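Chain by chain, the residues:
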Amino acid sequence: MTKKKYLSNKKTAQQTISISPALKDWIKRYVNVNHRENPNDERFSSISAFYNYVMDNILELYEKGKTLDDIKRVEDTEVSDFFEPFTFKATIPLYEMVSETNRYTPFSFEFTTRFLIHYINWMRRQFRPGNFEDLSLLFERITTRYGTSNISVDMRLEIIPGENKQPIRGVLEFIGKQRNLHFENCKYFAAILGMLGSRVTDFIYSPVDYYCRMDLIETDLLHKKELVKKERIKLLKENVNYIINYNRMLEEKDKYLWMNLAEDNELFINFKNKKAFIKWIKAIEEDLRKFGTQNDFLNKILQFFNRIHWIKIEALKDLSFRIEDAIEKNAEQKQLLIDYLSQYKKISQKDEIYYLN
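Treat the numbers as computed from the prediction; the structure is a model and nothing was measured.

The helix and strand inventory of the protein chain stands at 15 helices and eight strands. By residue count, 35% of the 357 residues in the protein chain fall in the buried class. In the protein chain, once contacts between residues fewer than 6 apart in sequence are set aside, the share between residues at least 24 apart is 59%. As presented, the protein chain carries roughly 23700 Å² of accessible surface, and 53% of it is formed by carbon and sulfur atoms.

Following this line, the structure appears as structure tokens:
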């Protein structure tokens, strides 16, 4: 590298460069805004001062071995400061494994309320309503965080102006490196776009290349100054549903569908035969004896039958429960239940409630 010569730093020399009108306007607006916010900051006292500051510092970075690619990856301070309270360093293989079971879990607004509200308010402060140049600039700033990292390869946002008062459309492309973390990020971006006021109209995903493409269209929410929380949450849910709907889920592992089915109390597990029942109840027993206590054994057994929707527990304290109607009508399954519990306690019944005595 060539070193800076020790000549006078007095700003008397002139350098003429050619730039595009768009870049010239961008620099002018940037300097004016920062000068208004920080009138005593000499860096923004004039466009000339700003040019001088930028070029001087860029060359210093080059002297330290940095390149333009390094500069593109630098996350600006405001973006970093916003995300800092919500992030932590993690081991990728561990969280890749953990996130697998969450793959088709809806994006819970209730669980992430504080983050999402802060995020949407922060984003809306960064651009003027209807100004898509500001929005593009904001995306570029956020891309420095996600664009090239240990979990992603690249991001690209294309904004397509509408003609004849047609709505603005957009295309977001996102390429990841990790199967499950990339899918979680797809859900996350769909949710954030919904909160911001953009509707996902199509979603293309490649599980081989870890590539996703979201087609977007603006809604009135994008221009509203008010939070209108309910409307934004509704759009968030619609967007995320493009990612985790049953049409996609049925192409995946059985466990994702079964996780959803397990939450419906109108369904129950029906063992194909007694051998299958014994196989599972023995596995449950083994862990209860190994990791639990004898006093809690029957409590946990009743909880197992409650979870597969065979019974409804009345009170664990006195080991009382009701047998679900579907099991009452299923002689084979009910007999498996009665025969099994009878090994440990005498079963009595009062009205529709059963007791283990």
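Don't stop here, the text continues.
So, on to empty space enclosed by the protein. With the rule as written, the count across this model stands at two cavities of 30 Å³ or more. A volume near 30 Å³ is recorded for the second largest cavity. Around the second largest cavity sit Leu288, Gly292, Thr293, Asp296, Phe297 and Lys300, which together line it. Counted by class, the lining of the second largest cavity contains two nonpolar, two polar and two charged residues.

Below, the discussion takes up the packing of aromatic side chains. Applying the stated rule across the entire model yields 20 aromatic pairs. On the basis of an interplanar angle of 70° and a centroid distance of 6.0 Å, the ring pair of Tyr30 and Phe44 is categorised as edge-to-face. Within this pair, whereas Tyr30 is found in helix α1 (residues 21–37), its partner Phe44 is found in the loop between α1 and α2 (47–63), the two being separated by 14 residues in sequence. Looking at Tyr30, the relative accessible area reads 38%, which means it is partly exposed. Take Phe44: its relative accessible area is 8%, and that puts it in the buried class. On the numbers, 5.7 Å between centres and 10° between planes, the contact of Phe321 with Tyr354 is stacked. With Phe321 in strand β6 (residues 320–323) and Tyr354 in strand β8 (residues 353–356), this pair connects stretches of sequence that are 33 residues apart. On the basis of relative accessible area, Phe321 is assigned to the buried category, the value being 0%. Three or more aromatic residues joined by ring pairs make a cluster, and in this case those are Phe271, Phe277, Phe297, Phe304, Phe305, Trp310, Tyr340 and Tyr344.

Each value, and the rule that gives it
Residues numbered from 1 in each chain as written. Predicted model: local features only at pLDDT ≥ 70, side-chain atom pairs only at ≥ 80, totals over all residues. Heavy atoms only, no water. Helix = DSSP H or I, 4+ residues; strand = E, 2+ residues; numbered from the N terminus. Buried < 20%, exposed > 50% of the residue type's maximum accessible area, 1.4 Å probe, protein only. Contact = heavy atoms within 4.5 Å. Areas by Shrake-Rupley, 256 points an atom, 1.4 Å probe, with all protein chains shown as cover. 1 Å grid on protein atoms, 1.4 Å probe; cavity = no way out; pocket = protein on both sides within 12 Å on 5 of 7 lines; lining within 4 Å. Points joined across faces, edges and corners; volume = space filled by probe spheres on them. Nonpolar A, V, L, I, M, F, W, Y, C, P; charged D, E, K, R; others polar. Phe/Tyr/Trp six-rings, centres within 6.5 Å; stacked < 30°, edge-to-face > 60°.

So yeah, pure geometry; function would need other evidence.
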